[in-house]
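Chain by chain, the residues run as shown.
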Amino acid sequence: MSDVTTHHDGSDPEFSPTARFHVTEGDRHVGLCFVGDSFVAGLGDPKALGWVSRVVARTPHAGIDLASYNLGIRGQSSTDVLARWQSECEPRWARANERRLVVSVGLNDIAQGLTTARSRLNLANILDDASSGAISTYVVGPSPTIDAETNDRLQTLVDAQADVCSRRGVTYVDCFRPLLGHDQWHADLASGDGMHPGQAGYGLIAWLVLHAGWQGWLQLDS
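Notes on the structure follow.

Reading the values: the criteria
Residues numbered from 1 in each chain as written. Predicted model: local features only at pLDDT ≥ 70, side-chain atom pairs only at ≥ 80, totals over all residues. Heavy atoms only, no water. Axes fitted to C-alpha atoms, helices over the stretch in contact; angles between N-to-C directions. Helix = DSSP H or I, 4+ residues; strand = E, 2+ residues; numbered from the N terminus. Parallel < 35°, antiparallel > 145°, perpendicular 65-115°, else oblique. Left-handed = near helix turned anticlockwise from the far one by under 90°. Contact = heavy atoms within 4.5 Å. Nonpolar A, V, L, I, M, F, W, Y, C, P; charged D, E, K, R; others polar. Expected span 1.5 Å × (residues − 1). Buried < 20%, exposed > 50% of the residue type's maximum accessible area, 1.4 Å probe, protein only. Polar contact = N/O pair within 3.5 Å; in protein donor to acceptor, adjacent residues only side chain to side chain. Pairing = 2+ DSSP bridges. Salt bridge = Lys/Arg side-chain N within 4 Å of Asp/Glu carboxyl O.

**Here's the deal with the packing of helix 8 (residues 183-190) against helix 9 (residues 199-210)**
Then comes step 1: Between helix 8 and helix 9, the shortest axis-to-axis distance is 8 Å and the interhelical angle comes to 140°. Compared by their axis directions, helix 8 and helix 9 come out oblique. Judged by the sense of rotation from one axis to the other, the crossing of helix 8 with helix 9 is left-handed. Judged by residue contacts, Gln184, Trp185 and Asp188 of helix 8 engage Gln199, Ala200, Gly201, Leu204 and Ile205 from helix 9.
Then comes step 2: Along the lines of polarity and charge, the residues of the contact of helix 8 with helix 9 split into 4 nonpolar, 3 polar and 1 charged.

**Quick look at helix 6 (residues 148-168)**
Then comes step 1: In a regular helix each residue adds 1.5 Å, so 21 residues correspond to 30 Å; helix 6 covers 31 Å between its end C-alpha atoms and thus fits that length.
Then comes step 2: Turning to helix 6, its buried residues are Thr150, Asn151, Leu154, Leu157, Val158, Ala160, Gln161, Val164, Cys165 and Arg168.
Then comes step 3: Elements in contact with the buried residues of helix 6: helix 4 (107-111), helix 5 (116-132), strand 6 (136-140), strand 7 (171-173) and helix 7 (176-180).
Then comes step 4: Capping of helix 6 at its N-terminal end is provided by Asp147; its side-chain oxygen lies 3.4 Å from the backbone amide nitrogen of Glu149.
Then comes step 5: Gly169 sits one or two residues past helix 6 and shows a positive phi near 70°.

**Some remarks on the packing of helix 2 (residues 50-57) against helix 9**
Then comes step 1: With their axes 8 Å apart at the nearest point, helix 2 and helix 9 run at an angle of 50° to one another. Relative to helix 9, the element helix 2 is oriented oblique. Two packed elements cross with a definite hand, and for helix 2 against helix 9 that hand is right-handed. In this structure, helix 2 uses Gly50, Trp51, Arg54 and Val55 to contact helix 9, whose residues at the interface are Gln199, Tyr202, Gly203, Ile205, Ala206, Val209 and Leu210.

**Brief notes about the sheet that holds strand 3 (residues 29-36)**
Then comes step 1: The sheet built from 5 strands is open, its strands ordered 4-3-5-6-7 with parallel pairing. Every other strand in the sheet has two partners, leaving strand 4 (65-72) and strand 7 as the edge strands with one partner each. In this sheet, neighbouring strand axes are inclined to one another by 20° on average, regardless of whether the strands run parallel or antiparallel.
Then comes step 2: Bridge count between strand 3 and strand 4: 8 bridges; the pairing is parallel.

**Observations concerning the side chain of Ser104**
Then comes step 1: Relative to the helices and strands, Ser104 is located in strand 5 (residues 98-104).
Then comes step 2: Owing to a relative accessible area of 6%, Ser104 belongs among the buried residues under this scheme.
Then comes step 3: Polar contacts involving the side chain of Ser104 include one to the main-chain carbonyl oxygen of Val140, which spans 2.9 Å.

**Quick word on the pattern of salt bridges**
Note that side chains of opposite charge can pair when their charged atoms are close.
Then comes step 1: A full pass over the atoms with the stated rule returns 10 salt bridges.
Then comes step 2: In this structure, the salt-bridge partner of Arg54 is Asp45, at a minimum N-O distance of 2.7 Å.
Then comes step 3: Judged by relative accessible area, Arg54 falls into the buried class, the value being 8%.
Then comes step 4: It is possible to trace a salt-bridge network through shared partners that takes in Arg28, Glu98 and Arg100.

In C-alpha cells:
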C-alpha cells in the first residue's frame, strides 16, 4: 500500500511508499541492475565497456558482495523499460539482500515520438514501483547528440526527468549540459553515428556518474 497525491497541474503524482529501503546489517549482498537503452549497453565502444562497466570497475567494494547486471537493450524507450524491468531484475536479485536499480533512458523516447508527459510518467512509475518494493534507485540522464533539433527536445526531457527525480529524492545525473559543448564528446560523436560515443565519450559519462554521489548512494567506504 502507498499514499498517492495527484496534482491538478498534470504533473506526476507524489508517491509515499510504505516500504523503505535500508542497508542490511551484517553481510551485504548487493544486486546492482542497470536498465535502459543502447547507451547502457555501450553501443559504439570499441572496448565493449560502455559507461556501465567503467563505473563498476571503479567502484570500491571491499568486503561487500557486489553483483552487477547490464540490462541495456538497443532502441528501447522508457515505455519499453517500464514494461520489462521488474521481470528481468527480480531473478538477478534472488540472492541479494540489498536491491539497487540504475535507470537510463531518453533518446529513444524522442525518436519514437513520446510526449514529455508520457516520458516523465514512465520514469515516475519505474521509480515509484521500485520504491514500493524497497528498491533503491539512481537515474542517469541522456547525453547530447550531434543534431541541434534533437538536442533541443532532449533538453526539455532532461529537465522533466530531473524534476521527477527531485520530487522523489532520487539522484539524477545530468549528462546533457556538461557534454553539450564538450569538444572531446563532439569529436567522438562525429567519428561515429552522431548519437553514440566511442571509448572517450563513454569514459566521460562514467566520470559524471562516479562524481555524482555514486559511492554515497551505494553507501561504500572510499
